[in-house]
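The lines below spell out each chain.
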Amino acid sequence: MKICIIGLGYIGLPTAAMFSSNGCDVLGVDLNRNIVNLINNGSIHIHEPGLKEIIGESIKQGTFKAQLIPKSADVFIISVPTPNKEDEYLSCDLSYVIQACKSIVQYVQKGNIIIIESTMAPRSTEDYLKPIFEDIGLKVGKDIYLAHCPERVLPGNILFELVNNDRIIGGVTSSCTNKAAKVYEVFVKGNIIKTNAKVAEMSKCVENTFRDVNIALANELVKICNKLDVNSLDVIEIANKHPRVNILNPGPGVGGHCLAVDPYFIYSKAPEEAKLIKAARNINLNMPKFVADKIKILTKYDRTSKVVIFGVSYKGNIGDIRESPSLKVIDILKKEKYNVEVYDPYVNNQQLENLETILREASLITILTDHNSFKNINYDDLAKLMKNPLLFDTRNIINKERFTRMKILNYGDII
Ligand code: SAJ
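Since this is a predicted model, take the numbers as computed values, not measurements.

A.B. asks: Which residues make up the overall build of the chain, and what values go with them?
C.D. replies: Looking only at helices and strands, one finds 15 helices and 13 strands in the chain. Rg of the C-alpha trace for the chain: 24 Å, near the compact-globule value of 22 Å for 415 residues, within the 12% margin. Structurally, the chain occupies a C-alpha span of about 70 × 50 × 40 Å along its principal axes. A buried classification covers 53% of the 415 residues belonging to the chain. In the chain, the proportion of contacts linking residues at least 24 apart, taken out of those at least 6 apart, comes to 72%. As displayed, the chain offers around 18800 Å² of accessible surface, 50% of which is attributable to carbon and sulfur atoms. Here the chain holds 51 positive side-chain charges and 47 negative ones, and the gap between their average locations is 1 Å.

So this is what it looks like as structure tokens:
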């Protein structure tokens, strides 16, 4: 099977790795010349465990190659960004997907399968993409096969989840669904779930919205409990002992390019109805300010005191800073002229030894990202370096009882 993948980012590149290492002949297309050159030299531009090795091997074997323009293939897979538009609803910007579809139109032949993996607002495939192909006389479901097959993989665990997660296949017609399903059978071990394009689009957006709303509930609980002098973390832990309750973890806000983006795709399509979804977004968006306010209280509003932020990436154990709440906390504090320093071994390549300088004269450490490496630090040793040995753990990853020199506060404490 000849596969042409448009967009070699966080999803397109791992997908190319899967197909090319499972017997397909894969061409990857990206507009960025540097990325194309890097990949052809066996290197990659994103951090994802195990990916570089597979790509390097596929390039060596000749089953994968990258270039700037598409060419004819049996299957076209589109995996390009769908950011929010800058309108009042932050609706789904399909311009990259539309541009990608237009870029392949001249290469598409009868019998080809076209798959859109990018997350899109419900109805996008039928309302905006199908016409691009039908306008040149190719009837979808008869001449060519068009489907939306959203990815659902977790950054940091992409290679495992690409293979083992269930895969949603949503064709514009049932023949489109069946054709697209055959493509993923090449490497997917999870269930292949057949549906239509609209259901596929909506369920992908709903999965991330579910998580965003649930995290918002946890974050709101922290605020409520703070007001009522109740330990919110104990509340969540105890409530979760109920067999049908599973509140997620509160934190400094929600980052990444999925949970902070996709709920708006639903909201913008039905703003009158999607009130809970919008409220949850606002709660999560406001968490960096909540954290910054707590930091100000903990430093007694003294802007000269040094605040050290642990973690810039949007979640633990990865170097991805897209939409990271840490950046927003840092921004708020810096705008108010607080003395802020940052420590993140994943983003800045910093080593533990660097902490000696970073922590000198520091009054507060604030943990904003749940990197595993932060859990293994001896905070009593760090306390010796600081002016005021105080740590605020917004991710609840440090066991307070383990340390005596460092005073540790988390969301369960009333600040
Ligand atoms: N977060 C919390 N509390 C939690 C869980 C997460 O504050 O209990 C925060 C994280 O720290 C992070 C943000 O939420 O800032 C998002 O992290 P995440 O691990 O929930 O998800 P992503 O954005 O890395 O990946 C999500 C996944 N979706 C779901 O789990 C429903 C992934 O499966 C999707 O493929 C991906 O979005 C995507 O591409 O859409």
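A.B. asks: Describe in detail empty space enclosed by the protein, supporting the description with residues and values.
C.D. replies: In this structure the tally under the stated criterion is 2 cavities of 30 Å³ or more. Reported here for the largest cavity is a volume of approximately 40 Å³. If you go around the largest cavity, the residues you meet are Pro-150, Arg-152, Val-153, Glu-161, Leu-162, Asn-165, Asp-166 and Arg-167. Taken together, the residues of the lining of the largest cavity sort by class into 3 nonpolar, 1 polar and 4 charged.

A.B. asks: Requested: an account of helix H1 (residues 12-20), with residues and values cited.
C.D. replies: Most of H1 sits inside the fold, with 9 of its 9 residues counted as buried. Taken together, the buried positions of H1 are Gly-12, Leu-13, Pro-14, Thr-15, Ala-16, Ala-17, Met-18, Phe-19 and Ser-20.

A.B. asks: So what's going on with the packing of aromatic side chains? Residues and values would help.
C.D. replies: Taken as a whole and judged by the stated rule, the model has 11 aromatic pairs. Look at Tyr-89 and Tyr-267: their rings are 5.9 Å apart centre to centre, the planes differ by 55°, and that puts the pair in the tilted class. Residue Tyr-89 is located in the loop between strand S4 (75-78) and helix H4 (95-105), and its partner Tyr-267 is located in helix H10 (residues 263-269); the two are separated by 178 residues in the primary sequence. Tyr-89 gets classed as partly exposed once you look at its relative accessible area, which sits at 30%. Owing to a relative accessible area of 13%, Tyr-267 belongs among the buried residues under this scheme. Ring centres 5.1 Å apart and planes at 45° place the aromatic pair Phe-310 and Phe-374 in the tilted group.

A.B. asks: So what about the pairing of S4? Which residues, and what values?
C.D. replies: Along S4, one buried face is formed by Val-75 and Ile-77 and the opposite face, lined by Phe-76 and Ile-78, is buried too. Bridge count between strand S1 (residues 2-6) and S4: 4 bridges; the pairing is parallel. When the sheet's bridge partners are listed, Ile-6 is paired in S4 with Ile-78. Two strands pair when backbone bridges link them, and S4 and strand S5 (residues 113-116) are joined in this way by 4 bridges, in the parallel orientation. Its bridge partner being in S5, Ile-77 is matched across the sheet by Ile-115. In this view, the connection linking S4 to its parallel neighbour S5 by way of H4 has right-handed handedness.

Thresholds, definitions, all that
- Residues numbered from 1 in each chain as written.
- Predicted model: local features only at pLDDT ≥ 70, side-chain atom pairs only at ≥ 80, totals over all residues.
- Heavy atoms only, no water.
- Helix = DSSP H or I, 4+ residues; strand = E, 2+ residues; numbered from the N terminus.
- Rg over C-alpha atoms; globule rule 2.2 N^0.38 Å.
- Buried < 20%, exposed > 50% of the residue type's maximum accessible area, 1.4 Å probe, protein only.
- Contact = heavy atoms within 4.5 Å.
- Areas by Shrake-Rupley, 256 points an atom, 1.4 Å probe, with all protein chains shown as cover.
- Lys, Arg positive; Asp, Glu negative; His and termini not counted.
- Charge placed at Lys NZ, Arg CZ, Asp CG, Glu CD.
- 1 Å grid on protein atoms, 1.4 Å probe; cavity = no way out; pocket = protein on both sides within 12 Å on 5 of 7 lines; lining within 4 Å.
- Points joined across faces, edges and corners; volume = space filled by probe spheres on them.
- Nonpolar A, V, L, I, M, F, W, Y, C, P; charged D, E, K, R; others polar.
- Phe/Tyr/Trp six-rings, centres within 6.5 Å; stacked < 30°, edge-to-face > 60°.
- Pairing = 2+ DSSP bridges.
- Right-handed = clockwise from strand over helix to strand, strands pointing away.

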